[in-house]
Every structure is written in structure tokens, then in C-alpha cells.
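# Coordinate analysis (summary)
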Amino acid sequence: MKKITAFLLSLLMLLGVFAPATATTVQAKSTKNIKVTYILKKNKKQIAKKNIKLKKNSTVTKGLKKGWKVTEKGGFISAIDGHKQNNKKKVYWTFTVNGKQVNVSADKKKLHNKDKVVFRLSKYNG
């Protein structure tokens, strides 16, 4: 009887040690992913919208490429799903994150959960 009790006690202790570790592992996995909304606009008209799931600290470019066919060089986007920039007409892709203009290229800008990225293809009036 003592052997069975000792065995059960050992088993309970073993489960007690490993159960919290399993819960922690599951919890850690759920915080490694983020959800980001991407909106594409041509001038003021919305042409596409997608919710993209990404790994934490992913870049704007990574999410964009996950949702659409993208042409880019050095983090600067020149075409999205066939919608191309036109240098002669001064029509370019620009983007904002959460309504704010970003001062780095799309391949450098890190994203956070529930960010909203808007890409706009429009004439530059600068």
C-alpha cells in the first residue's frame, strides 16, 4: 500500500510540475502571432482589403507579400497585383500605419497586433 501511495504521490507531483509548463508553452505560442489589416487604395477608392496573420515583429512588406503579388526593390513598393507606379506621371505607392505616414521603407517598418496599413497609389504633388 505504501508503494502505491508513493507512486501516486510521485505521479501527482510529476503532473504538477509539467502541467504549468504546458500551459505556459501554449500561452506563449498564442502571443507570437499578430493580425494586421491591409487596405489598398487607388487615389481615394478602396480596391482591396485583407486581414493578414503574421508572426510578431513582421514587416509591412512581409504582410503585403502574403496577401498580394508585389514588386519591390530595397523596401520600396513599385507594383501591387499589377497596379504599377508611373514615374513620368508622378504616381507612386505610399503607405501609412494606423493613419500615420511612415519615415522608413516597408521592409524596415515592424508591425504590431491590430495595426492598420493603408497603401495608396496616387499622384505625388510635392
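Each remark here, short or long, concerns the structure printed above.
A few points on the structure. (Residues numbered from 1 in each chain as written. Predicted model: local features only at pLDDT ≥ 70, side-chain atom pairs only at ≥ 80, totals over all residues. Heavy atoms only, no water.)

## A word on the overall build of the chain
In terms of regular secondary structure, the chain is built from two helices and eight strands. When its helices and strands are written in sequence order, the chain yields α-β-β-α-β-β-β-β-β-β. Counting the 126 residues in the chain, one finds 29% classified as buried. Taking all contacts inside the chain whose residues are at least 6 apart in sequence as the whole, residues at least 24 apart take part in 50%. A total accessible area of about 9400 Å² is found for the chain, and carbon and sulfur atoms account for 57% of it. (Helix = DSSP H or I, 4+ residues; strand = E, 2+ residues; numbered from the N terminus. Buried < 20%, exposed > 50% of the residue type's maximum accessible area, 1.4 Å probe, protein only. Contact = heavy atoms within 4.5 Å. Areas by Shrake-Rupley, 256 points an atom, 1.4 Å probe, with all protein chains shown as cover.)

## Side note on the layout of surface pockets
Its volume calculated, the largest pocket comes out at about 250 Å³. Phe 76, Ile 77, Trp 93, Thr 94 and Phe 95 are the residues nearest the centre of the largest pocket, which is lined by 14 residues in total. Tallied by class, residues from the lining of the largest pocket come to nine nonpolar, five polar and no charged. (1 Å grid on protein atoms, 1.4 Å probe; cavity = no way out; pocket = protein on both sides within 12 Å on 5 of 7 lines; lining within 4 Å. Points joined across faces, edges and corners; volume = space filled by probe spheres on them. Nonpolar A, V, L, I, M, F, W, Y, C, P; charged D, E, K, R; others polar.)

## So, the pairing of strand 4 (residues 76-80)
Bridge analysis of strand 3 (residues 70-73) against strand 4 gives four bridges, and the strand direction is antiparallel. Bridging across to strand 4, Val 70 finds its partner in Ile 80. Between strand 3 and strand 4, which pair antiparallel in sequence order, lie two residues; one of them, Gly 74, sits at a positive phi of approximately 60°. Summarising the sheet, strand 4 and strand 5 (residues 83-84) pair through two bridges and their orientation is antiparallel. Paired with Ala 79 across the strands is Lys 84, a residue of strand 5. Between strand 4 and the antiparallel strand that follows it, strand 5, lie two residues; Asp 81 among them carries a positive phi value of about 45°. (Pairing = 2+ DSSP bridges.)

## A closer look at the nonpolar core
The tendency in soluble globular proteins is for nonpolar side chains to be buried as a group. In terms of nonpolar packing, the biggest core is built from 22 residues, with Tyr 38, Val 60, Leu 64, Leu 111, Val 117 and Phe 119 touching the most fellow members. Breaking this core down by element, the ones donating at least two residues are strand 1 (33-42), strand 2 (45-55), helix 2 (60-67), strand 4, strand 6 (91-97) and strand 8 (116-123). Among the elements that take part in this core, strand 1 stands out by supplying four residues, more than any other. Residues within four places of Val 60 in sequence aside, it is in contact with Tyr 38, Phe 95, Val 97, Ala 106, Lys 109, Leu 111, Val 117 and Phe 119. (Core = buried A, V, L, I, M, F, W, Y, C linked by side-chain atoms within 4.5 Å.)

## Looking at the sheet that holds strand 5
One open sheet holds the three strands; their spatial order is 3-4-5, and the pairing between them is antiparallel. Of all the strands in the sheet, just strand 3 and strand 5 have a single pairing partner and so form its edges.

## Let's talk about the pairing of strand 1
Bridge analysis of strand 1 against strand 2 gives 10 bridges, and the strand direction is antiparallel. Pairing of Tyr 38 across the sheet is with Lys 50, part of strand 2. Connecting the antiparallel pair strand 1 and strand 2 is a turn made up of two residues, with Asn 43 showing a positive phi of about 60°.

## Focus on the environment of Asn 125
Among the secondary structure elements, Asn 125 is positioned in the segment after strand 8. Residues Asn 125 and Lys 90 lie 35 residues apart in sequence; the distance between their C-alpha atoms is 8.0 Å.

## Examining the environment of Ile 34
Among the structural elements, Ile 34 can be located in strand 1. Note: C-alpha distance between Ile 34 and Asn 113 (79 residues apart in sequence) is 4.5 Å. For Ile 34, the contacting residues outside a window of four places in its chain are Ile 52, Lys 53, Leu 54, Lys 55, Lys 56, Leu 111, His 112 and Asn 113.

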